[in-house]
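Coordinates in review
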Amino acid sequence: MADIAGQGRKAFAFNSHESGRRHPLVAAAMVLPLAALLLFLFGGFDQVVAQASSVSVMLGR
């Protein structure tokens, strides 16, 4: 215990029980709203459609 107390915040950050892995659905729920916002802000939907169109034409040949 004295060893952990001597290391301070670093020991807490790496030995805490809260730093475990998240469930994949929780991670997706955290990331999808941000991804949708970025897609909307930067006009990514048009780029995705254009890329998918060109890939489908390439695969069709």
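Cut-offs used in this document
- Residues numbered from 1 in each chain as written.
- Predicted model: local features only at pLDDT ≥ 70, side-chain atom pairs only at ≥ 80, totals over all residues.
- Heavy atoms only, no water.
- Helix = DSSP H or I, 4+ residues; strand = E, 2+ residues; numbered from the N terminus.
- Buried < 20%, exposed > 50% of the residue type's maximum accessible area, 1.4 Å probe, protein only.
- Areas by Shrake-Rupley, 256 points an atom, 1.4 Å probe, with all protein chains shown as cover.
- pLDDT = per-residue confidence, 0-100.
- Expected span 1.5 Å × (residues − 1).
- Bend = angle between axes of the 7 residues up to and from the residue.

**Observations regarding the overall build of the chain**
Secondary structure assignment for the chain yields 4 helices and 0 strands. Each helix and strand of the chain, ordered N terminal to C terminal, gives the series α-α-α-α. A buried classification covers 5% of the 61 residues belonging to the chain. Taken as a whole, the chain presents about 5900 Å² of accessible surface, with 68% of it coming from carbon and sulfur.

**Topic: the confidence of the model for the chain**
Mean pLDDT over the chain: 77, with 67% of residues reaching 70 or higher. When mean pLDDT is compared element by element in the chain, helix 3 (residues 24-41) scores highest at 89, while helix 2 (residues 9-15) scores lowest at 54.

**Re helix 3**
Its 18 residues give helix 3 an end-to-end C-alpha distance of 26 Å, which sits within 8% of 26 Å, the value for a rise of 1.5 Å per residue. Of all bends in helix 3, the biggest is about 25°, found at Val 31, and the proline Pro 33 comes one to four residues later. The buried count for helix 3 comes to 0 of 18 residues, which makes it a mostly uncovered element. Phi for Gly 43, located one or two positions after helix 3, is positive at around 65°.

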